[in-house]
Every structure is written in structure tokens, then in C-alpha cells.
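Breakdown of the fold
The primary structure of each chain is shown beneath.
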Amino acid sequence: MTVKPGARRLDIFIIIVLVILIASPFIINFFNKRQIESNQISLYISPDFEDLFGKELTEKLLNEYIGLNPGLQIGIQPVPDGKNSFVSEEPDILIFDDGGLNAFLTSGMLLELEFFPDYEFAVPLVSFMNLFFYNIDILTAAGFDRPPKTRDEFAAAAKAVSENLNIHGAAMSLNPEDKQALSRDVFSWIWAAGGDFWSSDENKPVLGARSTSADITFLKNLYRDNSFAPGIFRMAGEQTLESFAAGKTAMMIASTRTIPYLREKMGDNVFGITTIPIPAQSGRYNINLSGIYAGININCEYPKEALDFLAFLADRRLLFCGIFKAVPGVVSDIIPGDYIRDDPFYSKAQYIFESSAVIRDFSGISRADEYEDAFLNEFRSFLETNRTLQETINAIQLKWDEISGI
């Protein structure tokens, strides 16, 4: 049968129309999807968040936030693999500790925060403080029925343990790579005795107080008497913590953040916590706080949305404190969490916090690393050479004055 040319053209037209009708939903969906994707706001949070809070909680929180904000996607910063070159190497939301805070401030990487009047560049999610930790069994074996309260008692206990039990009496960890080292193992002694580095106008740090001279001399005497485990400038805080947990060190200064770890490793009856030993006559007991913070990358494309997410995290600080069993946790919260009220370890730590004065350290201070490096270098020379105390203090103060420019 012969098909007329007009009929053939009609058949082709019908086929084309059918193809268009069938394909049009896919075409429309494709362009709608592209339009949605072009309008989609995406934020990335630093992988440290998942490392700190765990994968399960991280996914739960991010999904909750996405549910509250349907037009936004937020996830952990992916690692560029060469294939996804469009992915930025810098997360929008930064999670960091005090060392990271100082590094980000120095590099100018943090966006100044709006709508957070109490925080200029970073919101603290949880806060900790340093305490004195002691091994009950070791001190008992060395003839002591309670932890040292004064510096003389501490020196006597450290010497007795080192000489009689062949165990390190105490530890000091000043590895330069450990950004908490100086605050934990040197400055904490000075603060506990009532010391404070900042002048009345708080424009620059000052080291000239007579009590501070006694503090530094005290630490050198301990170093000279081999009261500390050897290699203090090689050892970092994690090594000291492991040595203490293994019963190889009797006493140390550490963060309240380490309490859950030590309870798991040692049990509740092997170690205790108390205030850092002080001179027989001293001022009010001072502490400083460390923490985990959240901030915004100054290069963030969507700062308003990032600020909203920081507010979301800030509203969940009690949750984070419960995860870490943090003391003091949220400083502004006058009602502590159940884990503090119901547990003797954390309630004692909270009592020490409430009985202490919180003072300013170098965290969040412009050029903080330079101030601390200057102190550590001169302090090391004081311990290892015949340099006098006054020469050391003068050298530190000269460098601090040069850094502050005042």
C-alpha cells in the first residue's frame, strides 16, 4: 500500500508532539531543579565538630537545623579530592579551642559577630578550668593522708614520691606544640596564688609583681630538685595525662575536661581533684577558663545564615556540656546541670569554680602566641641556665612591651 506524503508528514508531526509531551515533565523538572539548586544556600561546618561531638549527634543537629530552615543545606566540610574542585577548602562555620582561637585571630580569619554582644569573634559552646589532680594510692604509700594544700606540702610530697617509690612525683608538660601548656603548667600556679598579668587599664601584660617572682622561683626549685618527670619541654599534656592514668605520676594540673577520661581509666576511688597548692599567705584563688568555640569564616558567602546557625548552637550549650561533663560548662548559667549536682566529682569542681575569681588570660588577645612564646623561651632559659630571676623577668617584660607597643 502506498502512503501519501501528507499522511507521512502528519505521522511525523504526531510523533514529535508525543515526544514533547512525554519529555516535557522531565524538561520542566530539570530546569526547576537547576533553579532550586541555583537558589540553594549551602553552609559547611568544620570537621572538628564531628570529631568533638560524634557523628550521630552531628547528623541529628544538622538535620534538625535543616528541618527548621528548608531553604538551606548545611553539612560537614568535604575534603577536596581533585574531582570536586568547586568545593571550598575553608568551612563557613569554624569549631576550635583556645589555641585555634588565637591562631584564627592572628590570621584575621574570624568574622566579627553581630547580635552577640558578649562575644566579639567566637561563641563559647563549653567551658573548662584547670584543677589539681592527685593519685590517692600513691600519696598514701608515700605517707600522706591528704592532698597538699600549700606549696611546701606539694614540694615535700613530690620529693617523697620520687625518692621512695620510684614514681614521678609531679609532671610539667611544656612542649611548644601544646598550646595549652603554658596556661596549664606555669600560669595556673601564678593565678592560683592571686597573681594577674594585666595592668589596671588592661592595655598590656605586666610581670613585675613581687609575688610573681616568688612563683617563678618556686617552679625553678621544683625543677632543680627533679620533682617533675624528666623531659618537660618534650612532653605534651596528653602524655602527662596517660602517665597519670597509668599510675606513673602522682600529681599534675589538668583541665576538668579530663575527668571523664580518668574516671573511665582509673575508677572513682584512685584519684581526686582539689585546688592548686598555694603559698601559706596568698591572695584570692584565681582561675582562667578554656573552652570549645564556634566562629564564622570571614570569607563565608552567607554570613547572616551562618550567624543564625551559631545562635542555634548557642541554644544547645547545655546539651554540649552534658556530653563533656563540662565544669563550669556554661558560665552564665546559674543553675548547673544534673551531672554537676548529682556527682561528687563535678559538684566539687563546681564549688571550686564558684569560690574562685575568673581572670583574663591570653586567649583571644591580639598576638597571644607571641606573648606566650616570649615567656616560654625566657622561662626555659631560666630553668636551664644560671640566668638570674630578675634578668628573666626583665627579659620577658621587655619582649611583652615590644609586642604590645606600649
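Below is a summary of the structure that appears in this document. These figures come from a predicted structure and were not determined experimentally.

1. Examining the nonpolar core
- Membership of the largest hydrophobic core comes to 110 residues, with the highest contact counts inside it found for Phe133, Leu174, Met251, Phe375 and Trp400.
- A total of nine residues in this core trace back to one element, the largest contributor, which is strand 4 (residues 123-135).
- In this view, Trp400 contacts Phe197, Pro205, Val206, Leu207, Phe362, Tyr371, Ala374 and Phe375; residues no more than four positions away in its chain are not counted.
- Core analysis: the next-biggest nonpolar cluster, separate from the first, contains eight residues, Phe96, Leu101, Phe104 and Tyr293 among them.

2. Describing helix 4 (residues 98-107)
- Along helix 4, the residues classified as buried are Asp98, Gly99, Gly100, Leu101, Asn102 and Phe104.
- Put simply, Asp97 is the residue that caps the front of helix 4, since its side-chain oxygen is 3.2 Å from the backbone nitrogen of Gly99.
- Positioned one or two residues after helix 4, Gly108 has a phi angle of 70°, which is positive.

3. Quick word on the packing of aromatic side chains
- Enumeration according to the criterion identifies 31 aromatic pairs in this entry.
- A ring pair is formed by Phe244 and Phe271, whose centres lie 6.4 Å apart and whose planes are at 85°; its orientation type is edge-to-face. In this pair, Phe244 is assigned in helix 9 (residues 237-245) and Phe271 in strand 7 (residues 271-274), connecting sequence segments 27 residues apart.
- Overall, Phe271 belongs to the buried group, its relative accessible area being 1%.
- By the ring-pair criterion, three or more aromatic residues cluster together here, those being Phe187, Trp191, Phe197, Trp198, Phe362, Tyr371, Phe375, Phe379 and Trp400.
- A cation sits over an aromatic face here: Arg360 above Trp198, 4.1 Å from the ring centre.

4. Quick look at the packing of helix 7 (residues 181-192) against helix 15 (residues 368-384)
- Two elements in contact, helix 7 and helix 15, have axes whose closest approach is 11 Å; the angle formed by their N-to-C orientations is 55°. Classified by the interaxial angle, the pair formed by helix 7 and helix 15 is oblique. In the crossing of helix 7 with helix 15, the sense of the turn from one axis to the other is left-handed. Contact with helix 7, carried on its side by Leu182, Ser183, Val186 and Phe187, involves Glu372, Phe375, Leu376 and Phe379 of helix 15 and no other residues of that element.
- The residue inventory of the contact of helix 7 with helix 15, partitioned by class, reads six nonpolar, one polar and one charged.

Reading guide: rules and limits
- Residues numbered from 1 in each chain as written.
- Predicted model: local features only at pLDDT ≥ 70, side-chain atom pairs only at ≥ 80, totals over all residues.
- Heavy atoms only, no water.
- Core = buried A, V, L, I, M, F, W, Y, C linked by side-chain atoms within 4.5 Å.
- Buried < 20%, exposed > 50% of the residue type's maximum accessible area, 1.4 Å probe, protein only.
- Helix = DSSP H or I, 4+ residues; strand = E, 2+ residues; numbered from the N terminus.
- Contact = heavy atoms within 4.5 Å.
- Polar contact = N/O pair within 3.5 Å; in protein donor to acceptor, adjacent residues only side chain to side chain.
- Phe/Tyr/Trp six-rings, centres within 6.5 Å; stacked < 30°, edge-to-face > 60°.
- Lys NZ or Arg CZ within 6 Å of the ring centre and 35° of its normal.
- Axes fitted to C-alpha atoms, helices over the stretch in contact; angles between N-to-C directions.
- Parallel < 35°, antiparallel > 145°, perpendicular 65-115°, else oblique.
- Left-handed = near helix turned anticlockwise from the far one by under 90°.
- Nonpolar A, V, L, I, M, F, W, Y, C, P; charged D, E, K, R; others polar.

Remember, this is a structural readout, not a statement about activity or role.
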